[in-house]
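Observations on the model geometry
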Amino acid sequence: MEVPDDFNFSDLADSPELKRRRKYPEPQKQADAQEDHLALLPPTVPIKISHGFKKILPTIEYCQQLTPHSLSMTEPITQTSGAVVNSSDSSKPEYMKKRSREIYKRQDLGAQDIVHQYKLSVKKKYENVLSFLCGEQETFSAMYTEPVIMQKNANGSFKIISVSELFQMFLMSELFDDPITIILQGNSGSGKSTIAQKIMLDWASEAISASFLNLVFYLRCEELMCISAEMNLIELLSYNCGLTSDQISQMLQQSPEKVLFIIDGFDKLRLTQDIYQLSPYADPLQEAPPEVILCALLRGHILPESFLLVTTRTKETVNKLLKGQSCFTEIMGFYEKEVEKYFQKFSFIKAYYSVMANETLFTTCSIPVICRIIVERVKFGAVASGLKTTTSIYVDFVSTLLKIHCQGLSRSVPTLLRSLGQLAETGMLEQQVLFEEKSLQETVSDPAYSPFLCNFLFKRRIHQETMFRFMHLSFQEFFTALYYVLLDEEESQRKVRELLHTVERGWALSCWSDRDFSIADVEVRHAKLLQPVILFLCGLCQKEWIPSFFEKHNMAVSINIETQLKEWLNQCSPRYQNEHMLFILHCLYELHDKSFVEKVLEGLILIDLSNIPLKMTDCWVLKYCLQCCEHIRNLKLHVTSDNLKMLQPELYRCKELWLKMDRISDDVVGLISAAGKGKILNKLIVKMLENSGSVFCPEVVSVKNGDIMLSVGSSVITETSLKTELTLTCPDSLISTIKWVKLQKERALYSYRYFGAEEEEVRLLTFLQSVSDLKKVCLQVSSLTNILAPYILSLIQNCPSLIELSINSRNKFLLKIQSLKQSLKQMGWIMTVWRKSMFIQPDAKRFTKVELKIKREKSDSKSKQNV
């Protein structure tokens, strides 16, 4: 391919073809050995080489300085360091190489300067937050208290992690060249956006934990939903962070592998069922709706080498869109020390102890947004002691504001609250969080003229537009419920009926394993977002404290909503388990009607909450519901030792109890004792999740008819792994056995080796001789050899309480069976062998009644001495 001598590069710069390529760049083909290519592109336009933004070719202006004769067109052109160079670099004139180095050095310095300015703007934007009540700016660092975050492990257990550990996950994935996506799930008010803001500030402040990241972009989904036009990824980032498209391109070209995208509030995207059928969006410069671009990031179609942190209330849709490595985490809220720390930040120590004295209120403070409401409320006086439910706290907060600003109200309280409720409902049904100023004035009036409204509707400037939002999403949910209650009877019942139908349909679809994802997911997600409205409706029907609020402001309330809600809860409770059952329990708590709670729960065959980690508020709700019943048939839980402390006094009401937990605590011992006595609790199964690898450790404890059975083994079954089941009669023996097993695990870990097959079995058989109330032993071993024979005989001789010993071997027996059989016979025991199994028990014929009585008395006296 020859270039004519009269070819003019400047004519090409403004050609229609180049303009088209600027807007819709084509994928770059790999250079062929027989062809030569010269790419002419405008300044700072990125070239998609493999995964995204990698290199940048020289600018048009630079190309204009080159003559056709200065380029050897007979050699293939390669791309190195973003410059157009010959494959034979030594033949290039020195001044050209120097000029190229200067250009790209200047570009790198320019990108670093832009990043620095971007960090300054991030700090300025996020370092302050608004107070709920007074609307004053408060520093983020002064307000921030880190909530408890749980990471779900592969074996089903949960591990508490910190925000700095989230950075470590990103760093580790970067080291192994396997970018990770972290999903941070949490209910409304749990602190998802606060953590996202914390990460932005840590990066902008150049904290050590975030130092490996070159760029962090914060994408608020609620703001992106205000965009009606289509745009490309660069324009979307420009819209969100205030930099120009050229500046963002320049930053991304510098290091695309160390970029973190925070997608905050994924559930606020208005996704349709078409999102799964869309053709892959793979070009960062192609224009598309914002939700399509975000889903392309999740799927790894664009910038797959970047990191993602996604905050959401519902994880189902995110999980299906994700490609590649992911980590699921959930915000559990505040524990006791975090609540105390939050109050201390405001020097409200006296108020903290006052709240702590009210156990219900203190437990509710484990939800970060409610803790903040209580702290704000304390500024205006002591919190009412009668507050028992989440709804009552919100009602008290609204009532306090009405009292403070009652002189500034331009309309009556019922009219004002209905207007707020109407606005809130519109947003809930249309999945809208931000409202335009014009629509707000049509519904509510201008908040600027009402101090009361200023507290609930915050003004935000988004891309040169004035938008409004409720001070927190939970208040939008609350005012929606309040709106339904204040409507006339017929309209109120219709809206509540539609709400309940929408939510239950979403629940039903979520339980179908073979459902059409594209159609069902939209409804499932929408149902999840509407659930809090039902919760507040139940709370507004509570008869003890709420009615005084309505009476005070002369508000008429629909009387049939409570009946609707109770009928719905009664119908749904037998059909659903886990997260849906937990929601039903929260609704029962908000209703606070003991007779109705008892009626619902005692009709249930099973309450299964074993697939979800319980928060403090969940435990408090479950505790209340258990207190309302004489007994529960069957309860399954996934609990921590802290959870169990709160629940333990009420768990005796269960006939059957299944627990999944990380370790056996003292509270479990109490339950085991109760199950052994067989009053109400007569069956208990505890599954331990700390089991990992091939290390010998406890798995399951079960209690039935007074017998305690401990199953011990390893999560990875190998040819040499040992598994055993022990039947005991004393809880103390169980604890001592578990401690011994854990000690063996620690010894194996610290010595960086696992015990050999026979060594592990010998250790176990030797230890079991000291267990006084051992009743049955069932061993599964790799092979049965002569080495074990004397230890089997010694165990039988030293355990008078033992009535059964069975051994299953994975391989053929390698011991002298007849010799062992003869020794057992002399001791009054018989052995039965079938295939690879051996069963040993006392020979009843050899023992007279007197001998059996003496044997039992010895066993009993030995057990009492140990107790």
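Computed from a predicted structure; not experimentally measured. (Residues numbered from 1 in each chain as written. Predicted model: local features only at pLDDT ≥ 70, side-chain atom pairs only at ≥ 80, totals over all residues. Heavy atoms only, no water.)

Another aspect to go through is the overall build of the chain. The secondary structure content of the chain amounts to 35 helices and 27 strands. The 867 residues of the chain split such that 55% are buried. Contacts in the chain between residues far apart in sequence, at least 24 positions, make up 69% of those at least 6 positions apart. Split by element, the accessible area of the chain, about 39400 Å² in all, is 51% carbon and sulfur. (Helix = DSSP H or I, 4+ residues; strand = E, 2+ residues; numbered from the N terminus. Buried < 20%, exposed > 50% of the residue type's maximum accessible area, 1.4 Å probe, protein only. Contact = heavy atoms within 4.5 Å. Areas by Shrake-Rupley, 256 points an atom, 1.4 Å probe, with all protein chains shown as cover.)

This next bit is on helix α11 (residues 290-299). By the criterion of burial, α11 is predominantly enclosed, with 10 of the 10 residues buried. Listed in full, the buried residues belonging to α11 are Pro 290, Glu 291, Val 292, Ile 293, Leu 294, Cys 295, Ala 296, Leu 297, Leu 298 and Arg 299. In this structure, the buried residues of α11 make contact with β10 (215-220), α8 (221-224), α9 (233-241), β11 (259-264), β12 (307-312) and α12 (316-321). Gly 300 sits one or two residues past α11 and shows a positive phi near 80 degrees.

The next point concerns the sheet that holds strand β9 (residues 180-185). Here we have seven strands laid out as an open sheet, ordered β8-β7-β13-β9-β12-β11-β10, and mixed in their pairing. Each having just a single partner strand, β8 (158-161) and β10 make up the two edges of the open sheet. Taking the axes of each pair of neighbouring strands and ignoring which way they run, one obtains an average angle of 25 degrees across the sheet. (Pairing = 2+ DSSP bridges. Axes fitted to C-alpha atoms, helices over the stretch in contact; angles between N-to-C directions.)

Another aspect to go through is unusual backbone geometry. In this structure, Asn 578 takes a positive phi of about 55 degrees despite not being glycine. According to the relative accessible area criterion, Asn 578 is buried, its value standing at 14%. One non-glycine residue, Arg 835, lies in the positive phi region at around 55 degrees. For Arg 835, the location among the structural elements is in the loop between β26 (829-834) and β27 (837-842).

Among the five residues in strand β7 (residues 148-152), four count as buried, and that is most of the element. Looking at chain direction, β7 and strand β13 (residues 325-333) are connected through four bridges and run antiparallel. Bridge assignment links Met 150 to a residue of β13, and that residue is Glu 330. Pairing between β7 and β8: four bridges, direction antiparallel. Each residue of the ladder has a partner; that of Lys 152, found in β8, is Phe 158.

A regular strand places its side chains so that they alternate between the two faces of the sheet. For β9, the buried fraction is high: six of the six residues fall into the buried class. With burial as the criterion, each face of β9 is covered, one bearing Ile 180, Ile 182 and Leu 184 and the other bearing Thr 181, Ile 183 and Gln 185. Both β9 and β13 contribute to a ladder of six bridges, which runs parallel. The residue bridging Gln 185 from the neighbouring strand is Glu 330, located in β13. Bridge count for β9 against β12 is five bridges, and the pairing is parallel. Across the sheet, residue Gln 185 finds its bridge partner in β12, namely Thr 312.

Our focus in this paragraph is the packing of aromatic side chains. Counted under the stated rule, the structure contains 26 aromatic pairs. The interplanar angle of 80 degrees and the centroid separation of 5.5 Å between the aromatic rings of Phe 478 and Phe 536 together place this pair among those described as edge-to-face. Here Phe 478, found in helix α21 (residues 473-486), pairs with Phe 536, found in helix α23 (residues 517-540); they are 58 residues apart in sequence, far enough to count as distant. There is no split in this pair, since Phe 478 and Phe 536 are both buried. (Phe/Tyr/Trp six-rings, centres within 6.5 Å; stacked < 30°, edge-to-face > 60°.)

In total, this model carries 19 salt bridges according to the counting rule given. Between Lys 615 and Glu 330 there is a salt bridge, with its nearest N and O atoms 2.9 Å apart. One end of the pair, Lys 615, is in the loop between β17 (607-609) and α28 (616-627); the other, Glu 330, is in strand β13, with 285 residues separating them in the sequence. Assessed through its relative accessible area of 12%, Lys 615 is described here as buried. Residues Glu 491 and Arg 494 are paired through a salt bridge, measuring 2.6 Å at the closest nitrogen-oxygen approach. With Glu 491 and Arg 494 both in helix α22 (residues 489-510) and three residues apart, the pair spans about one turn of that helix. Accessibility expressed as a relative area gives 26% for Glu 491, which makes it partly exposed. Residues participating in the shared-partner salt-bridge network are Glu 222, Lys 268 and Arg 469. (Salt bridge = Lys/Arg side-chain N within 4 Å of Asp/Glu carboxyl O.)

Okay, the state of the cysteines next. Going through the model one piece at a time under the given rule, you end up with zero disulfides. As a non-bridged cysteine, Cys 295 has Cys 221 as the owner of its nearest cysteine sulfur, 9.2 Å distant. (Disulfide = S-S within 2.5 Å.)

Time to look at helix α27 (residues 594-602). Within α27, the full set of buried residues consists of Phe 596, Val 597, Val 600 and Leu 601. Buried positions in α27, seen along its axis, are confined to an arc of 120 degrees and lie on one side of it. Residues of α27 that are exposed and point more than 90 degrees away from the buried face comprise Lys 594, Ser 595 and Lys 599. Contacts from the buried residues of α27 go to α25 (561-572), α26 (579-591), β17, α28 and β18 (632-638). (Arc of directions from axis to C-beta.)

What follows covers the nonpolar core. With 254 residues, the main nonpolar core has Phe 217, Phe 343, Phe 479 and Leu 601 as its most contacted residues. Apart from the residues within four sequence positions on either side, Phe 343 is in contact with Phe 348, Ala 351, Tyr 352, Val 355, Cys 365, Cys 371, Ile 374 and Val 375. (Core = buried A, V, L, I, M, F, W, Y, C linked by side-chain atoms within 4.5 Å.)

For the chain, per-residue confidence averages 77 on the pLDDT scale, and 76% of positions sit at 70 or higher. Taken element by element, the chain is modelled with least confidence in strand β1 (residues 47-48), mean pLDDT 35, and with most confidence in α26, mean pLDDT 96. The model gives residues 1-90 a pLDDT under 50, and that stretch makes 136 contacts with residues more than four places away or in other chains. (pLDDT = per-residue confidence, 0-100.)

Before going further, it helps to examine the environment of Lys 268. Examined against the element boundaries, Lys 268 turns out to sit in the loop between β11 and α11. Along the primary structure Lys 268 and Leu 529 are separated by 261 residues, whereas in three dimensions their C-alpha atoms are 9.1 Å apart.

Turning next to the packing of helix α13 (residues 336-345) against helix α16 (residues 368-378). Contact geometry for α13 and α16: axes closest at 11 Å, N-to-C directions at 35 degrees. Crossing handedness for the pair α13 and α16: right-handed. Residues Val 339, Tyr 342 and Phe 343 of α13 lie in contact with α16, whose contacting residues are Cys 371, Arg 372, Ile 374 and Val 375. (Left-handed = near helix turned anticlockwise from the far one by under 90°.)

Within the element layout of this structure, Asn 358 appears in the loop between α14 (349-357) and α15 (359-364). The residues touching Asn 358, leaving out its near neighbours within four places in the chain, are Ser 385 and Leu 387.

It is worth spelling out the environment of Gln 117 at this point. Inspection of the secondary structure assignment puts Gln 117 in helix α4 (residues 94-126). Using a relative accessible area of 43% as the deciding quantity, one classes Gln 117 as partly exposed. For the pair formed by Gln 117 and Leu 243, sequence separation is 126 residues and the distance between their alpha carbons is 9.6 Å.

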